[in-house]
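As a plain string of letters, each chain reads:
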Amino acid sequence: MRKRRGKKVGLALMMTGCLLATAAGGSMTAFASATDTASDNGGTASDDDTIVLRICNWEEYIDEGDWDEDEAIDLDNGVTVLGENSMIEDFEEWYYETYGKKVKVEYSTFGTNEELYTLMSLGNEFDLVCPSEYMFMKLIAEGKVLAYSDDFFDTSVETNYYVNNVSPYIRNIYESNEINGESWSQYAAGYMWGITGMVYDPEEVTAEEMSSLTILLDDDYSKQISIKDSSRDSYFMALAIYKRDLLTSEEFMQSEDYAGQLQEEMNDVSTETIAGVEEILTEISRNAYSFETDSGKADLVAGKIVGNYQWSGDAVYSMDQAEEDDVYLEFAVPEECTNIWMDGWVMLKDGISGDAEKQQAAEAFVNFISMPENAVRNMYYIGYTSVIAGNEDDTTMFDYANWCYASEDEEDVAEYPLGYYFSGNSEDEDYIVMVDEEDVSRQIFAQYPSEDVLERATIMEYFSTEKMAELNQMWINIRCFHLSDYPAAVWVAILAAVGVVVLVCLRKRYRRRHQYE
């Protein structure tokens with residue numbers, strides 16, 4: 001019997017298009033507004049020596065507290081997790097108790113990576129922000145990001161919760177990916193992560209059919225599958241179809257540098273490739289039920305569609321919510337490949353401005369939310385997967401996975417190994433969750449993908465301004481009507497209808513003019 005995860009999960013938090021409606025000022029949360037003094041000082045310490053830390057994060061992407069007592073999570077290691085206050089308020093109190101200095105968080109939010117970048121371009125100054133991997137790669141490449149201090153990586157410091165608790169799997173990704181010869185890990189600290197895949201109704205479509213993205217082109221499922229209204233995610237998806245023969249070939253999959261070659265192929269933005277992907281996306285757009293941001297789950301439950309391309313965190317939410325309506329969905333990861341995404345904390349040079357106390361506060365915030373019990377709070381609240389795994393002395397994170405997914409029965413159960421994530425050892429028997437057999441391809445699979453899936457997962461990098469312009473134009477072409485698709489008979493009917501309307505309007509106008517003659 002699984003427990004429900006997430007107070008406010010699956011609100012399409014991640015990458016929902018490029019709408020910049022709030023770009024001029026961002027959106028401010030009610031629980032952590034800055035003081036007037038802080039604003040006057042541009043965010044530096046105020047007269048009472050309070051450090052003002054300006055943080056910008058995704059909407060609904062941190063625990064806001066106010067849990068009911070019956071929501072308390074009692075874990076096997078004796079830890080009880082309960083979010084009474086907001087994470088921001090708790091951090092401010094913890095910082096004073098730990099460092100003897102007051103800190104005031106000025107907390108704002110953004111809806112897309114592009115919106116965050118626009119906010120920065122318009123002069124909004126932040127100290128600590130949490131964009132996705134391709135955007136923090138861009139910020140690092142542009143020299144806008146400050147490196148974390150040596151002290152931040154000192155494992156002997158008890159309060160350095162990030163370096164002491166980050167998953168070895170995630171650590172390897174941050175250390176092995178580079179920008180200008182320097183690893184991500186010097187400039188970015190992970191927060192949440194996941195992959196992309198298909199949530200589907202096993203009563204209507206098989207796992208085998210859902211194992212390939214080519215189902216999006218299958219006439220048998222015309223208008224029965226929806227995809228994300230996101231240019232980057234849709235490009236990645238269609239690129240995998242475009243390169244399917246290569247990606248699934250034995251020679252390619254068995255190559256010594258498979259991971260490196262996969263990343264190179266799945267970040268191909270040559271003009272020729274973009275044109276080929278546009279053709280595939282055009283075909284998909286005609287065959288798909290819709291481009292959506294947050295309606296996929298409802299459409300699945302209502303039976304309008306049989307599958308939906310989703311981020312793994314939203315997939316968990318969809319499956320949880322569908323269960324409440326006695327609909328049992330499953331999650332499939334394309335055999336071609338999948339996108340592994342990361343959201344990470346980076347400090348901005350313009351915000352920190354050489355202020356050592358402000359940098360210490362920023363690094364302390366990352367450490368505070370990396371405390372295992374706080375990582376559990378954030379995972380429970382938003383439903384995505386934290387990069388924090390804990391360690392052999394603190395099993396809070398693994399115990400939470402057990403709390404969510406472990407079967408309460410002794411029969412019809414299966415082992416779900418998670419050693420690769422929690423200890424770095426795939427064979428580690430201390431990190432196996434015993435789940436119901438029927439749940440192996442469901443929520444836990446989306447939350448913690450199996451190793452064989454992660455072998456074909458790759459990062460989507462940032463692209464140059466010129467290439468992004470090409471991709472944006474491609475997306476405009478896809479999202480607009482394909483006028484050439486309509487046959488001549490349709491155009492004749494449309495023009496005839498317009499002619500009738502015009503004629504009626506002219507006759508009414510004539511009558512009004514001459515009714516008193």
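Residues numbered from 1 in each chain as written. Predicted model: local features only at pLDDT ≥ 70, side-chain atom pairs only at ≥ 80, totals over all residues. Heavy atoms only, no water.

(A) A look at the environment of D268. As for its position among the elements, D268 is in the loop between α10 (258–265) and α11 (271–287). For the pair D268 and M460, spaced 192 residues apart in sequence, the C-alpha to C-alpha distance is 9.9 Å. What D268 contacts, discounting residues up to four positions off in sequence, is Y235, L239, K243 and T273. Here K243 takes part through its side chain, which lies 3.1 Å from a polar atom of the side chain of D268. Within the structure, D268 has its side chain in polar contact with the backbone nitrogen of S270 (distance 3.0 Å). (Helix = DSSP H or I, 4+ residues; strand = E, 2+ residues; numbered from the N terminus. Contact = heavy atoms within 4.5 Å. Polar contact = N/O pair within 3.5 Å; in protein donor to acceptor, adjacent residues only side chain to side chain.)

(B) Layout of the packing of helix α7 (residues 231–242) against α11. Contact geometry for α7 and α11: axes closest at 9 Å, N-to-C directions at 100°. By the angle class used here, α7 and α11 are roughly perpendicular. Note on element contacts: α11 touches α7 through E272, T273, I274, G276, V277, I280, L281 and I284, opposite S234, Y235, M237, A238, L239, I241 and Y242. A per-class count over the contact of α7 with α11 returns 11 nonpolar, three polar and one charged. (Axes fitted to C-alpha atoms, helices over the stretch in contact; angles between N-to-C directions. Parallel < 35°, antiparallel > 145°, perpendicular 65-115°, else oblique. Nonpolar A, V, L, I, M, F, W, Y, C, P; charged D, E, K, R; others polar.)

(C) Region of interest: the layout of surface pockets. Volume-wise, the second largest pocket comes out at about 310 Å³. Lining of the second largest pocket is provided by 14 residues; of these, I173, A259, Q263, L454 and A457 occupy positions nearest its centre. Those elements giving two or more residues to the lining of the second largest pocket turn out to be α6 (168–176), α10 and β19 (457–458). The leading source of residues in the lining of the second largest pocket is α6, at four residues. Looking at the lining of the second largest pocket, its residues break down into eight nonpolar, five polar and one charged. (1 Å grid on protein atoms, 1.4 Å probe; cavity = no way out; pocket = protein on both sides within 12 Å on 5 of 7 lines; lining within 4 Å. Points joined across faces, edges and corners; volume = space filled by probe spheres on them.)

(D) Looking closely at unusual backbone geometry. For E60, which is not a glycine, the phi torsion comes out positive at approximately 55°. The exposure class assigned to E60 is partly exposed, which follows from its relative accessible area of 27%. If you check the backbone angles, D326 has positive phi at about 60° while not being a glycine. Following the sequence through the fold, D326 ends up in the loop between α13 (312–323) and β14 (330–332). (Buried < 20%, exposed > 50% of the residue type's maximum accessible area, 1.4 Å probe, protein only.)

(E) Expanded view of helix α21 (residues 465–479). Taking 1.5 Å per residue as the helical rise, α21 with its 15 residues ought to reach 21 Å, and the 21 Å between its terminal C-alpha atoms agrees with that figure. Turning to α21, its buried residues are M468, L471, M474, W475 and I478. Axial view of α21: buried residues confined to an arc of 120°, hence all on one face. Residues of α21 that are exposed and point over 90 degrees away from its buried face: T465 and E466. (Expected span 1.5 Å × (residues − 1). Arc of directions from axis to C-beta.)

(F) Region of interest: empty space enclosed by the protein. Scanning all chains against the criterion turns up two cavities of 30 Å³ or more. Each pocket or cavity is described by its volume, and for the largest cavity that value is around 60 Å³. Along its surface, the largest cavity is lined by 12 residues, and D294, K297, Q310, D314 and S318 are the ones closest to its centre. For the lining of the largest cavity, the residue count by class is one nonpolar, six polar and five charged. The calculated volume of the second largest cavity comes to roughly 30 Å³. Classifying every residue of the lining of the second largest cavity by side-chain character gives four nonpolar, three polar and no charged.

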